[in-house]
Amino acid sequence: MGQISELEEMVMTPASKIAPSKEDPVSQVEDLRKIIKDGNIRFETTDARETKIRLLELVAAHEGYISKDYANTFGDITEYTITVRIPATGFDQIVEKITALAKRIESQHVNSLDVTEEFIDINSRINTKKSLENRYKELLQQSTTVEEILKIEKEIGSLRSEIESIEGRLNYLQNQTSMSTLVVEFHEKSASSRFGPSIGGALRNGWNNLLSFLLWLLNIWPFIIIAVITTIATLRIRKRKSK
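Read on for an overview of the structure. Note that the coordinates shown come from a computational prediction; the quantities given were computed from them, not determined experimentally. One numbering rule holds for all chains: residues counted from 1, following each sequence as written. Reporting of local features is limited, given that this is a predicted model, to residues whose pLDDT is at least 70; pairs of side-chain atoms are given and counted only at 80 or more, and all residues count toward the totals for whole chains, interfaces and linings. To get the side-chain values, take all heavy atoms of the structure and skip hydrogens and water.

Time to look at the sheet that holds strand β3 (residues 77-87). Adjacent strands of a sheet form backbone hydrogen bonds with each other and so pair up, either parallel or antiparallel. One bridge is not enough; two strands pair if DSSP finds at least two bridges between them. By the criteria applied, helices consist of DSSP H or I runs no shorter than four residues and strands consist of E runs no shorter than two, each listed in order from the N terminus. Pairing is mixed in the open sheet, where 5 strands are placed in the order β2-β3-β5-β1-β4. Strands with a single pairing partner mark the edges of an open sheet, and in this sheet they are β2 (65-74) and β4 (104-114). Averaged over all neighbouring strand pairs, the angle between strand axes comes to 10°, with direction disregarded. Pairing of β2 with β3, which is carried by 9 bridges, proceeds in the antiparallel orientation. By the bridge assignment for β3, Ala71 is matched with Tyr80. Every residue pair with non-hydrogen atoms within 4.5 Å of one another is taken to be in contact. Angles run from 0 to 180 degrees between N-to-C directions of axes, and those axes are lines fitted to C-alpha atoms, restricted for helices to the stretch in contact. Here helix α4 (residues 91-99) sits on the sheet and contacts β1 (35-44), β3, β4 and β5 (179-189); the angle it forms with β1, its principal contact strand, is near 5°.

Here it is as structure tokens:
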């Protein structure tokens, strides 16, 4: 049972006392800043279809890809919303090139989040837990009873779940820091919308105003009848007096 006592002592050992693995030193992470970059650009263009073609060419040239592509036409306006994923090293360059496609920039936002400390912490935690896992495996090889084996395997299973969970977060951070997200929104206005309301729009507005006027008349019809009756009675009284 001495091995089980050793196991329990290891479980209670502070993580800081277990040295990180030399195969994956944290010092390698400290040499690089881990920055998550994302942004949004919205602008007006003279030719939306041509702008989209140029945008796709830029993304391909920077070894990126399109994650979402949405287009909508309402009235005289065609609008595109395209979400692109591009290598973080080329983020600033592609933002500059995309803004050059615009006729008029309406909004532009770029966000940067430094996750270097979290990156270092996660690597350290993974190394610590892997070292502990290796120690448990050594104890498993030395175990001689079913009770000892079951206890050690339970600890190994729990550790493995924790490691996979932490590695999942690490993979997410690596993906976000290596590939940046940029949402590009652009729209094209037709000639009629640039030079004033279209004829169709003016006709629709006139019809809507007429319906609103008729609805208003329906709401006050009792007052209209009273006013008509009063006017007729007044005219008859004046007519009799004049005679």
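Anyway, onward from the coordinates.
Another point: the packing of helix α5 (residues 116-142) against helix α6 (residues 146-178). Direction vectors running N to C along α5 and α6 enclose 160°, while the axes themselves pass 9 Å from each other. As judged from the angle between their axes, α5 and α6 are roughly antiparallel. Relative to α6, α5 is oriented so that their crossing is left-handed. Only Asp, Glu, Lys and Arg are considered charged in this grouping, and only Ala, Val, Leu, Ile, Met, Phe, Trp, Tyr, Cys and Pro are considered nonpolar; every other residue, Gly among them, is considered polar. The residue makeup of the contact of α5 with α6, split by class, is 15 nonpolar, 2 polar and 12 charged. Should an angle fall under 35 degrees it is taken as roughly parallel, and over 145 as roughly antiparallel, whereas 65 to 115 is taken as roughly perpendicular and any remaining angle as oblique. The sense of a crossing depends on the near helix, which, turned anticlockwise from the far helix by less than a right angle, makes the crossing left-handed and, turned clockwise, makes it right-handed.

Running from N to C, helix α3 (residues 48-61) and α4 point in directions that differ by 165°, and their axes come no closer than 11 Å. The angle between α3 and α4 places the two elements in the roughly antiparallel class. The way α3 lies across α4 gives a crossing that is right-handed. Across the interface between the two elements, Leu55, Leu58 and Val59 of α3 pack against Ile94, Lys97 and Ile98 of α4. Residue composition of the contact of α3 with α4, grouped by class: 5 nonpolar, no polar and 1 charged.

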